[in-house]
Amino acid sequence: MGPKESTPSQRNKYMVEIVGTFMLVYAICSAATVYHNTGQLGIIGIALVHALVLTAIIYAIGYRSGAQVNPAVTIGLLAAGKLRPKEAALYIISQIIGAVIGAAVVYSIFGSSMSASVTLPSDGNVVRAFVLETVMTFTLVYVVLATTTSKNFKISPLAGVAIGFTLGLNVMFGGSISGGSLNPARSFGPALVA
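Residues numbered from 1 in each chain as written. Predicted model: local features only at pLDDT ≥ 70, side-chain atom pairs only at ≥ 80, totals over all residues. Heavy atoms only, no water.

Visitor: Help me out: how do you make sense of the overall build of the protein chain in this one?
Guide: Counting its secondary structure elements, the protein chain contains seven helices and zero strands. Each helix and strand of the protein chain, ordered N terminal to C terminal, gives the series α-α-α-α-α-α-α. Taking 2.2 N^0.38 as the reference for a compact globule, 194 residues should give roughly 16 Å; the C-alpha atoms of the protein chain span a radius of gyration of 16 Å, in line with that estimate. Expressed as a percentage of the 194 residues in the protein chain, the buried residues total 45%. Look at the contacts in the protein chain between residues 6 or more apart in sequence, and 79% of them connect residues 24 or more apart. Accessible surface for the protein chain amounts to roughly 9600 Å². Of this, 69% is attributable to carbon and sulfur atoms. Across the protein chain, the centroid of the 11 positively charged side chains sits 9 Å from that of the 5 negatively charged ones. (Helix = DSSP H or I, 4+ residues; strand = E, 2+ residues; numbered from the N terminus. Rg over C-alpha atoms; globule rule 2.2 N^0.38 Å. Buried < 20%, exposed > 50% of the residue type's maximum accessible area, 1.4 Å probe, protein only. Contact = heavy atoms within 4.5 Å. Areas by Shrake-Rupley, 256 points an atom, 1.4 Å probe, with all protein chains shown as cover. Lys, Arg positive; Asp, Glu negative; His and termini not counted. Charge placed at Lys NZ, Arg CZ, Asp CG, Glu CD.)

This is the structure we're talking about:
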């Protein structure tokens, strides 16, 4: 096999990334949709769903694909020199595919009620929501970069907790203003399907 050919395990990491992003979007959109009208979970409960599902995904697939499940994280890894441009592009495509599939499954279960999981500014203030999302996403990407230790995405033992709960904390204080996505794929999938 030549050096430019990809091995099955290299191709599988993109499939794993599709599955991880699917699980993330499915869980978050399902929780947001189910509890939108009742308010039973509230913003703290929704933030915990974000934190717990991302933590689980990191430990489940991190060793295979790095569990990026977020184009912003992929771009951060690219900027840090941990990914090549072609590899980053394939990750982003995989994440978008996973997000669209996840949103489509939620839509097939809940129908138009899924629109509750689309990330939109709560008061129509797009500039404020954009700035908040940018800062929150920066903090998430920073924590990811700080807790991953090599180009092979070897993760320190508590990285999943740190990354998952960084997402949850940001959603806790920013979710009611911007929808708390911190993830372009998570925003794109539901917006496209809804």
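Moving on from the coordinates now.
Visitor: Whenever I open this one, the environment of Leu90 confuses me. Can you help?
Guide: Relative to the helices and strands, Leu90 resides in helix α4 (residues 85–110). In this structure Leu90 comes out as partly exposed when scored by relative accessible area, which is 33%. Sequence spacing of Leu90 and Ser108 is 18 residues, and the spatial spacing of their C-alpha atoms is 27 Å.

Visitor: In this structure, what is going on with empty space enclosed by the protein? I would like to understand it.
Guide: If you roll a probe as big as a water molecule over the atoms, it shows you where there is empty space left. The full count for this structure, using the stated rule, is one cavity of 30 Å³ or more. Its volume calculated, the largest cavity comes out at about 160 Å³. Secondary structure elements with two or more residues in the lining of the largest cavity: α1 (8–34), α2 (42–65), α5 (126–147) and α6 (159–178). Among the elements that line the lining of the largest cavity, the one with the most residues is α2, at three residues. Split into classes, the residues belonging to the lining of the largest cavity amount to 13 nonpolar, seven polar and one charged. (1 Å grid on protein atoms, 1.4 Å probe; cavity = no way out; pocket = protein on both sides within 12 Å on 5 of 7 lines; lining within 4 Å. Points joined across faces, edges and corners; volume = space filled by probe spheres on them. Nonpolar A, V, L, I, M, F, W, Y, C, P; charged D, E, K, R; others polar.)

Visitor: I keep staring at the pattern of salt bridges and nothing clicks. Help me out?
Guide: Opposite charge on two side chains makes pairing possible when the charged atoms of those side chains draw close. Inspection of the entire model under this criterion finds two salt bridges. A salt bridge links Glu87 to Lys13; the nearest nitrogen and oxygen atoms lie 2.6 Å apart. Highlighted residues: Glu87 in helix α4 and Lys13 in helix α1, separated in sequence by 74 residues. For the pair Glu87 and Lys13, one class covers both residues: buried. Measuring nitrogen to oxygen at the nearest pair gives 2.4 Å for the salt bridge that ties Asp123 to Arg128. (Salt bridge = Lys/Arg side-chain N within 4 Å of Asp/Glu carboxyl O.)

Visitor: Honestly, α5 in this entry has me stumped. Any pointers?
Guide: Note that an α-helix has 3.6 residues per turn; residues three or four places apart therefore point the same way. Its 22 residues place the ends of α5 31 Å apart at the C-alpha level, agreeing with the 32 Å of an ideal helix rising 1.5 Å per residue. Restricting attention to buried positions, one finds in α5 the residues Ala129, Leu132, Glu133, Met136, Thr137, Leu140, Val141, Val143, Val144 and Thr147. On an axial view of α5, the arc spanned by its buried residues comes to 165°, and they lie on one face. Residues of α5 that are exposed and point more than 90 degrees away from the buried face comprise Val127, Phe130, Phe138, Tyr142 and Ala146. (Expected span 1.5 Å × (residues − 1). Arc of directions from axis to C-beta.)

Just distances and angles here, no functional claims.
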